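# Chains, contacts and geometry: an overview
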Amino acid sequence: MQNNFQFFITKIVHGVGSSKSVGDIAKKLGAHKALVMHGPNVKAAGIVDPCVEALKADGIECVIYDKIEIESPMHSIEEAAALGRKEGTDICIAIGGGSCMDTAKVARMLITNPGTCRDYTTAIGTELYKNPGIPLVCIPTTSGTGSEVTPNAVLTRHAFKTKKSISYNIYPELALVDGKYLASANGRLLIHTAVDALAHCVESRLHAKANVYNHMFSEYGLSLWGKLAPVLEQIAAGPDAV
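Here we summarise the structure given alongside this text. (Residues numbered from 1 in each chain as written. Predicted model: local features only at pLDDT ≥ 70, side-chain atom pairs only at ≥ 80, totals over all residues. Heavy atoms only, no water.)

### Some points on the pairing of strand 2 (residues 33-37)
When you tally the buried positions in strand 2, you get 5 out of 5 residues, the bulk of the element. Here strand 2 shows two buried faces, one formed by Lys-33, Leu-35 and Met-37 and the other by Ala-34 and Val-36. Inspection of the sheet shows strand 2 paired to strand 3 (residues 61-65) by 5 bridges, in the parallel sense. Note on strand 3: the bridge partner recorded for Ala-34 is Cys-62. The pairing of strand 2 with strand 4 (residues 91-96) spans 4 bridges and is classified as parallel. Its bridge partner lying in strand 4, Met-37 is registered against Ala-94. (Buried < 20%, exposed > 50% of the residue type's maximum accessible area, 1.4 Å probe, protein only. Helix = DSSP H or I, 4+ residues; strand = E, 2+ residues; numbered from the N terminus. Pairing = 2+ DSSP bridges.)

Below, the structure written as structure tokens:
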């Protein structure tokens, strides 16, 4: 017998070129100043500037936080949140992979709530956040993590060599899934993120608390992965897979 469950999902705008609508979306959400978060590789790939230009074209002022680190260390999250509070940002735009989006998911909550990351990693419950975070729009540039549609974030405490999870309902408000970013990705990135996606499909299918929605999406994902496996083998044999 199926246990009771709730099913949430981030609003998704999917399609090549969808990231161009980020300015219009931010404007419709009532934003005036955006905290744009990204790392150096995304900037070097030429992905950030068009998004910033789209925001400015719709009258959204941009504050840039470009120090995203892999595995979302707590000090980076708190640094981004401090910048957002200081500048009075009222929307967060995360451009990048899972580390960027997880960093943004927590930073946007700390902008409007007191304390540090550590204050929100010891218990579970949205009531621990007294105030809602500023809106978050995610623009994922890889296909593996799925962080743009999940309710939690995984953080790193480098001093203790451990990871912590903030497992509250901190879903982004919206995700712009633009396929053009994968079209220009190198083979190594595609293979790594594809394996990441496979792990998520297996994990969600076998989880003890999985429900019919989990099964539906994970089973389709596994089927799709199987169909794409020959393509990944071809990529693995290519020159940019190492």
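### Examining the pattern of salt bridges
On inspection of all chains with the given rule, the structure shows 10 salt bridges. The salt bridge partner of Glu-78 is Arg-118, with a shortest N-O separation of 3.4 Å. With Glu-78 in helix 4 (residues 74-87) and Arg-118 in the loop between helix 5 (98-110) and strand 5 (136-140), this residue pair connects regions lying 40 residues apart in the sequence. Among the residues examined, Arg-118 registers a relative accessible area of 39% and is labelled partly exposed. Asp-178 is paired through a salt bridge with Lys-180; the nearest N and O atoms lie 4.0 Å apart. Overall, the relative accessible area of 30% leaves Lys-180 in the partly exposed class. (Salt bridge = Lys/Arg side-chain N within 4 Å of Asp/Glu carboxyl O.)

### Structural notes on the pairing of strand 4
Burial analysis of strand 4 places 6 of its 6 residues in the buried class, which makes it a mostly covered element. Residues Ile-91, Ile-93 and Ile-95 of strand 4 are buried on one face, and the alternating residues Cys-92, Ala-94 and Gly-96, pointing to the opposite face, are buried as well. Alignment of strand 4 against strand 5, held across 5 bridges, turns out to be parallel. Across the sheet, Cys-92 pairs through a bridge with Leu-136, a residue of strand 5.

### A closer look at the packing of aromatic side chains
A complete count under the given rule lists 1 aromatic pair for this structure. Seen in terms of ring centroids, Tyr-120 and Tyr-129 are 4.5 Å apart; in terms of plane orientation they differ by 15°. Their pairing is stacked. In this structure Tyr-120 comes out as buried when scored by relative accessible area, which is 6%. (Phe/Tyr/Trp six-rings, centres within 6.5 Å; stacked < 30°, edge-to-face > 60°.)

By themselves these figures say nothing about function.
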